[in-house]
Amino acid sequence: PDYRKATFLQSAGKVSQCPTDTGWEVAFAGRSNAGKSSAINSLTGQPKLARTSKTPGRTQLLNFFALSDRQRLVDLPGYGFARVPKAVKDAWTRQLEKYLQERQSLRGLILLMDIRRPFQPFDLQMLEWGSAAGMPVHMLLTKADKLKRGPAEATLLQARKRAETYPEGMSVQLFSSLKHTGHKTLVGVLDAWLTDTSVLYD
Ligand code: GTP
Ligand code: MG
């Protein structure tokens, strides 16, 4: 797909409000501040795309961006959780799990983790749900520009080892929206997931 042609499609507060479950989509998940919106904006070359999806004053679970009539990216808002009542957090968590389990068009998950603190409890939960659903998870160690090359590579190696403890389909790379590190690798993963190869074997 041509990521530069991405357009905002819709927000959904619940799985039942998602667009029709056809074609293919890839969701960007991660803790609040991990760099999801920045990654989508830099991938699409549209500095304000992901931000425009946020309805002020109202928390939305899923934000959909169309790449074509059959291909979508999804921004799953981060879980800062700071001022949110527990009942609301629990409802979000249930919807997120439901989305990951039930969404037929979801081809894979991009899990963004700040390279300075990867594998927090939220991340482990996403990895668990991903592997339980047989869903590939590609992890981005974001803000890689915040570490020097040596420490960044060491963190990457450790993360690779950790990824290997999960069933197949888990991968990891360095990423920086600021320095455009790892963009080509990310595009390679997205292209593979968003393209229907199964049709070749029908
Ligand atoms: P929520 O929407 O709250 O879930 O956060 P988010 O995951 O969408 O994070 P966002 O893209 O808004 O980025 C959070 C902060 O990190 C912002 O201040 C960004 O400028 C900064 N940031 C994002 N990517 C990078 C990066 O590659 N390098 C550096 N140094 N900062 C970054
Ligand atoms: Mg965001």
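To keep things clear, this report deals only with the structure shown in the data block. The structure presented is a predicted model; accordingly, all values stated were derived computationally and were not measured. Each residue is numbered by its place in its chain's sequence as written, counting from 1. As a convention, the first chain written is A and the first ligand written is 1, with the rest following in written order. Residues qualify for local features only when their pLDDT is at least 70, as the model is predicted, and side-chain atom pairs are given and counted only at 80 or more; totals for whole chains, interfaces and linings, by contrast, use all residues.

**Re the site of ligand 1**
Point 1. Using a C-beta atom placed from the backbone, a residue is scored as near a molecule or strand whenever that atom is within 6 Å of it. Taken together, 18 residues lie around ligand 1, and Gly-35, Lys-36, Ser-37, Ser-38 and Gly-78 are the ones closest in.
Point 2. Only DSSP runs of H or I covering at least 4 residues are called helices, and only runs of E covering at least 2 are called strands; the numbering of each starts at the N terminus. With three residues, helix 1 (residues 36-44) is the single largest residue contributor to the shell around ligand 1.
Point 3. For the shell around ligand 1, a count of residues per class yields three nonpolar, 11 polar and four charged. By the convention adopted, Pro, Cys, Tyr, Trp, Phe, Met, Ile, Leu, Val and Ala count as nonpolar, Lys, Arg, Asp and Glu as charged, and the other residues, Gly among them, as polar.

**Regarding the nonpolar core**
Nonpolar side chains in soluble globular proteins tend to end up buried together.
Point 1. Each nonpolar core consists of buried Ala, Val, Leu, Ile, Met, Phe, Trp, Tyr and Cys residues. Their C-beta atoms, within 7 Å, join them into a set. Residues with at least 20 other C-beta atoms within 10 Å of their own are called buried, those with 12 or fewer are called exposed, and the rest are partly exposed. The C-beta atoms themselves are positioned from the backbone. In this structure, Phe-28, Leu-111 and Leu-141 are the most contacted members of the largest nonpolar core, which totals 45 residues.
Point 2. In this description, a residue-residue contact is defined by the distance between C-beta atoms placed from the backbone, which must lie within 7 Å. When sequence neighbours within four positions are dropped, the list of residues in contact with Leu-141 reads Met-113, Ile-115, Pro-118, Thr-155, Leu-156, Ala-159, Val-172, Leu-174 and Phe-175.

**Re the environment of Met-126**
Point 1. Within the fold, Met-126 resides in helix 4 (residues 121-132).
Point 2. Distance in space between the C-alpha atoms of Met-126 and Glu-97 is 8.6 Å, their sequence separation being 29 residues.
Point 3. Those residues in contact with Met-126 that sit more than four places away from it in its chain are Ala-29, Leu-109 and Leu-111.

**Observations regarding the pairing of strand 3 (residues 62-68)**
Point 1. Any two strands between which DSSP finds at least two bridges are classified as paired. Pairing analysis gives five bridges linking strand 1 (residues 7-12) to strand 3, with the strands arranged antiparallel. The residue bridging Thr-7 from the neighbouring strand is Ala-66, located in strand 3.
Point 2. Where strand 3 and strand 4 (residues 71-75) come together, five bridges link them in antiparallel fashion. From the neighbouring strand, Asn-63 faces strand 4, where its bridge partner is Asp-75.
Point 3. Remark: two residues form the turn of the hairpin made by strand 3 and strand 4, two consecutive strands paired antiparallel.

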